[in-house]
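These are the residues of each chain, in order.
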Amino acid sequence: MSKPNISNMEYRYLGSTGIRVSVLSFGHMNENADENLTRDLVKLCLDKGINFFDTSEFYGFGKAEENLGKSFKALNIPREKIVVSTKIFASGADPNDMLCSRKHIIEGLRNSLKRLQLKNVDIVFCQKYDMITPMEEVCRAMSWCVKNGLAFYWGTSDWTACQIQKAIKICENLKLIPPSLEQVEYNMLDRNKVDTEYRDLFKDYHYGIMACSPLKRGILSGEYLNGIPPDSSLAKLKELWPGFYNDYQKHEKEWTEKIKKLKDIAEKKLNCTMAQLAVAWIIKNPDVSTCLLGCIDVGQLDDIIKGFEIYKKLNNDIGLEIEKILKNSPKGEVDYRYF
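### Some remarks on the overall build of the chain
Counting secondary structure elements, the chain contains 13 helices and 10 strands. In terms of C-alpha radius of gyration, the chain reaches 20 Å, essentially the compact-globule figure of 20 Å for 339 residues. Judged by the C-alpha coordinates and their principal axes, the chain covers about 60 × 55 × 45 Å. Out of the 339 residues belonging to the chain, those deemed buried represent 53%. The contacts in the chain between residues at least 6 apart in sequence include a share of 78% that link residues at least 24 apart. Summing over all exposed atoms, the chain offers an accessible surface of approximately 16,300 Å²; the carbon and sulfur share of this is 51%. Looking at the chain, you have 48 positive and 46 negative side-chain charges, and the mean spots of the two groups are 3 Å apart.

Have a look at this one:
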């Protein structure tokens, strides 16, 4: 029987909820990973104290959920020892396989639970903001899932602060269960949402943050400092996600200069890799409940988990050095009484 080695990890409350999750969590989105690799990744997470596992119906249209569920069974993990989340938005090409209608949320989550071989998930997310389905319908469906035991909490993913606040207000007015946390991209190069836009969410609702894409698709690992290899993941995005690739090209010179300086700090002052520093910087933020790690092999995951040890070494002096390099820290709130 396997369970997280809690002596190796720090745990934080998940936003306004009463559950605690490891500051590092595992995101299983690689539908190409076979059952054995998925099991080995989950086992490593448990050994390192990671108790939070996230996936989605969209990843391989259910294949990632299936492999994750099989891994939980193969490792004989007590259900109460882990926190599991999945996301609902697209499970196929049929008309009602997409978006966040009441029909798709409830049927989609039930199908996810079958693939995960679980009676419930701890958190179910709306993977994207649905611009078509009325917000009230989304809130009612998510609240229904929680009240009927399919999930303990529900959250948002890639929503704006205004959209989240609107959902919370609807739930308050209709006496529904409100969302508790957001899964959002947050890293050294992309921090405006968490550090600026979500401020009032933290202050007013203690909203939780699950930070994803800590390396910004590998850019913050430093692997592209000498160009983009033709077989690299970033090169593949040129066809799969041209918008992101074009954005990288637009900022390549600026980002490369910053990453070279950050890599120097990582190696000379912290004796770590650039990837480990990138992860450590994220979990240094107390508003972040957990940082989601997505890896394609055991060696890569083992290496990036070591960012947890680097986080404990980050002090104010190094933090100031990093901010001087990044030059993208949020501006402080202005008290106009003294302006």
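So that's the structure; there's more coming.
### Considering the nonpolar core
Core analysis: the largest hydrophobic core is formed by 101 residues, its most contacted members being L24, L301 and I322. Of all the elements, helix α10 (residues 274-283) adds the most residues to this core, at 9 residues. The contact partners of L24, leaving out residues within four places of it in the chain, are M9, I50, V279, I283, T290, C291, L293, I305 and F308. Residues L14, F52, F125 and M210 belong to the second largest nonpolar core, which totals 11 residues.

### Focus: the layout of surface pockets
The gaps left among the atoms become clear once a water-sized probe is rolled over them. In this structure, the largest pocket occupies an estimated 2,200 Å³ of space. Taken together, 48 residues make up the lining of the largest pocket; nearest its centre are M29, S213, R217, L237 and W241. No other element matches the 4 residues that helix α8 (residues 233-240) contributes to the lining of the largest pocket. Looking at the lining of the largest pocket, its residues break down into 21 nonpolar, 14 polar and 13 charged. Roughly 230 Å³ of volume is contained in the second largest pocket.

Each value, and the rule that gives it
Residues numbered from 1 in each chain as written. Predicted model: local features only at pLDDT ≥ 70, side-chain atom pairs only at ≥ 80, totals over all residues. Heavy atoms only, no water. Helix = DSSP H or I, 4+ residues; strand = E, 2+ residues; numbered from the N terminus. Rg over C-alpha atoms; globule rule 2.2 N^0.38 Å. Buried < 20%, exposed > 50% of the residue type's maximum accessible area, 1.4 Å probe, protein only. Contact = heavy atoms within 4.5 Å. Areas by Shrake-Rupley, 256 points an atom, 1.4 Å probe, with all protein chains shown as cover. Lys, Arg positive; Asp, Glu negative; His and termini not counted. Charge placed at Lys NZ, Arg CZ, Asp CG, Glu CD. Core = buried A, V, L, I, M, F, W, Y, C linked by side-chain atoms within 4.5 Å. 1 Å grid on protein atoms, 1.4 Å probe; cavity = no way out; pocket = protein on both sides within 12 Å on 5 of 7 lines; lining within 4 Å. Points joined across faces, edges and corners; volume = space filled by probe spheres on them. Nonpolar A, V, L, I, M, F, W, Y, C, P; charged D, E, K, R; others polar.

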